[in-house]
Amino acid sequence: MNYDAMFQSALDGLRADGSYRYFAELERRSGNFPKAYHHGLGRDVTVWCSNDYLGMGQHPEVLKAMHDALDETGAGAGGTRNISGTNHYHVELEKELASLHGKESALLFNSGYLSNWVTLGTIAGRLRNCVVLSDELNHASMIEGIRHSRAEKQIFRHNDVEDLERRLKELPADVPKIIAFESVYSMDGDIAPIEAFCDLADKYGAMTYLDEVHAVGMYGDHGAGVAEKMGLSHRLTVIEGTLGKGYGVVGGYIAASAPLCDFVRSFGSGFIFSTALPPMIAAGALASVRYLKRSSAEREGQQRAVAYLRAALDKAGIPHVGNPSHIVPIMVGEAELCRDLSDELLNRFGHYIQPINFPTVPRGTERLRLTPTPLHTNEAIDELVEAVSTLWRERQLKRSVAA
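Cut-offs used in this document
- Residues numbered from 1 in each chain as written.
- Predicted model: local features only at pLDDT ≥ 70, side-chain atom pairs only at ≥ 80, totals over all residues.
- Heavy atoms only, no water.
- UniProt positions renumbered as here; feature names shortened; annotations may be inferred.
- Buried < 20%, exposed > 50% of the residue type's maximum accessible area, 1.4 Å probe, protein only.
- Helix = DSSP H or I, 4+ residues; strand = E, 2+ residues; numbered from the N terminus.
- Pairing = 2+ DSSP bridges.
- Right-handed = clockwise from strand over helix to strand, strands pointing away.
- Salt bridge = Lys/Arg side-chain N within 4 Å of Asp/Glu carboxyl O.
- Contact = heavy atoms within 4.5 Å.
- Axes fitted to C-alpha atoms, helices over the stretch in contact; angles between N-to-C directions.
- Parallel < 35°, antiparallel > 145°, perpendicular 65-115°, else oblique.
- Left-handed = near helix turned anticlockwise from the far one by under 90°.
- Nonpolar A, V, L, I, M, F, W, Y, C, P; charged D, E, K, R; others polar.
- Arc of directions from axis to C-beta.

- The name an unreviewed UniProt entry gives the protein is 5-aminolevulinate synthase, with Gluconobacter frateurii NRIC 0228 as the organism.
- According to its UniProt record, the protein has this under Sequence similarities (unreviewed entry): "Belongs to the class-II pyridoxal-phosphate-dependent aminotransferase family."
- Its UniProt record gives the protein the following Catalytic activity (unreviewed entry) comment, quoted word for word: "succinyl-CoA + glycine + H(+) = 5-aminolevulinate + CO2 + CoA".

Take a look at the structure:
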């Protein structure tokens, strides 16, 4: 058996349909974000697709906390949380996250992916006859967690309250149920009808599981996410978040009741058998969460940059998805063209925007996903839009009516 030939054949298929993923070798330089050194080009480029949404990955308070903790505790945690790996910084961070979301408890994971996978897999897998009702556009980590649980699942239409209620009505009242959905959906930037989903959960005796990874740090008076902004945090059973996007570090977490968090801590194998995050990581995340609880300047700066970019795209007639969030998708609709536009923006104009192709989005909805930060200036936005407009004109691509 020629296994390598099998692997290569599958890879060749990705290249043929334009969905093969190429990694850009970038070197982030503290204090210079959103600029980064591109090793392939040998020069600086402007990054427009980073999930370091607020630039907290270079914030002085975050860096100082990490440097101090590194000097105090050393590089690694030394083990799993159960075997010598629970550091004071982990405990303090979990307390801070519970407070942030108004919950009794919180549990820290090594990534947002792991927090979804372990939590959904553990709860749904261990509650007898549990049924998970999952939004059709949920993230892969949620899908994998649900699949891992082997619980019954039903996929409801995206953000469709009526379809969700129809499915809930058909389930017995004494069956445990989880409604799993996201607040901000990362590719289209739309926001879930959280209150309506909570109403259905109350009506039909279901738990709610809200993924806020693309919202924490950025929405609400204290950065607790869309649920905080809407005044709904208290109505959600589980709020899941990340420390690697708005907070600029790495890690994931859940915030919920003390029994639920302890249940996942005690039965979730992906938590039990994972080496804990290095204490310096927890210290940096703790500093970031605390800072964004008291500072709204970064959130306001991001909102200004997003509004300015949308207005500039509208003026140039570049088609983008309208939504109430910070995510600005420029729609392309064809994989090879999307890759070509990305390459041209990088090589000719020095703008790095990773093309978003299948399987991240359905075929025919390929896009360039922009995430302007408070550190992107109006001048930089003008330069980007001019470059995109040039490529649109050269390729005679369809413009929006506003042009």
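Having seen the structure, we can now continue with the description.
**What about the pairing of strand 7 (residues 177–182)?**
Logical step 1: Taken across its six residues, strand 7 has six buried, putting it largely inside the fold.
Logical step 2: Here strand 7 shows no split at all, with K177, I179 and F181 on one side and I178, A180 and E182 on the other all buried.
Logical step 3: When strand 5 (residues 131–135) meets strand 7, the two strands line up parallel, connected through four bridges. Following the sheet pairing, S134 is matched in strand 7 by A180.
Logical step 4: Sheet topology places strand 7 next to strand 8 (residues 207–211); five bridges connect them, and they run parallel. Pairing of E182 across the sheet is with D211, part of strand 8.
Logical step 5: For the handedness criterion, the β-α-β arrangement of strand 7, helix 8 (residues 194–204) and strand 8 is classed as right-handed.

**Regarding the pattern of salt bridges**
Logical step 1: The final tally for this structure, using the stated rule, is 28 salt bridges.
Logical step 2: Between D52 and R28 there is a salt bridge, with its nearest N and O atoms 2.8 Å apart. With D52 in the loop between strand 3 (43–47) and helix 2 (60–73) and R28 in strand 1 (residues 26–28), the pair connects residues that are 24 residues apart, well separated along the chain.
Logical step 3: D188 is the partner of R367 in a salt bridge, and the nearest nitrogen-oxygen pair spans 2.5 Å. Residue R367 is found in strand 14 (residues 367–370), and its partner D188 is found in the loop between strand 7 and helix 8; the two are separated by 179 residues along the sequence.
Logical step 4: The class for R367 is buried, based on a relative accessible area of 3%.
Logical step 5: Linked through salt bridges whose partners overlap, the residues forming this network are R157, D160, D163, R166, R167 and E170.

**What about the sheet that holds strand 14?**
Logical step 1: Across the sheet, which stays open at both edges, the three strands sit in the order 11-14-13 with antiparallel pairing between neighbours. For this open sheet the edge positions go to strand 11 (328–331) and strand 13 (355–356), each flanked by a neighbour on one side alone.
Logical step 2: Where strand 11 and strand 14 come together, four bridges link them in antiparallel fashion. Considered in strand 14, the bridge of M331 is made with R367.
Logical step 3: Contacts from helix 13 (residues 297–316) reach strand 11 and strand 14, with the element oriented near 20° to strand 11.
Logical step 4: Of the strands in this sheet, strand 13 and strand 14 are in contact with helix 14 (residues 335–349), which crosses strand 14 at around 45°.

**Focus on the packing of helix 14 against helix 15 (residues 378–394)**
Logical step 1: The geometry of helix 14 relative to helix 15 is characterised by a closest axis approach of 10 Å and an angle of 125° between their N-to-C directions. Taken together, the axes of helix 14 and helix 15 lie oblique to each other. Classified by chirality, the crossing of helix 15 by helix 14 is right-handed. Facing helix 14, whose interface residues are L341, E344, L345, R348 and F349, helix 15 presents A387, V388, T390, L391, W392 and E394.
Logical step 2: Across the contact of helix 14 with helix 15, the residue classes break down as seven nonpolar, one polar and three charged.

**Quick look at helix 6 (residues 140–149)**
Logical step 1: When helix 6 is considered as a whole, its buried residues turn out to be S141, M142, G145, I146 and S149. One side of helix 6 carries all its buried residues, which in axial view fall inside an arc of 135°.
Logical step 2: The first or second residue beyond helix 6 is R150, which carries a positive phi of 65°.

**Section: the sheet that holds strand 4 (residues 105–109)**
Logical step 1: On the basis of which strands lie adjacent, the open sheet formed by seven strands has the order 4-10-9-8-7-5-6 and mixed pairing. The open sheet is flanked by strand 4 and strand 6 (152–156), the only strands paired with a single partner. Taken pair by pair, the neighbouring strands of this sheet meet at an average axis angle of 20°, ignoring direction.
Logical step 2: Here strand 4 runs beside strand 10 (residues 252–256); their pairing, made up of five bridges, is antiparallel.

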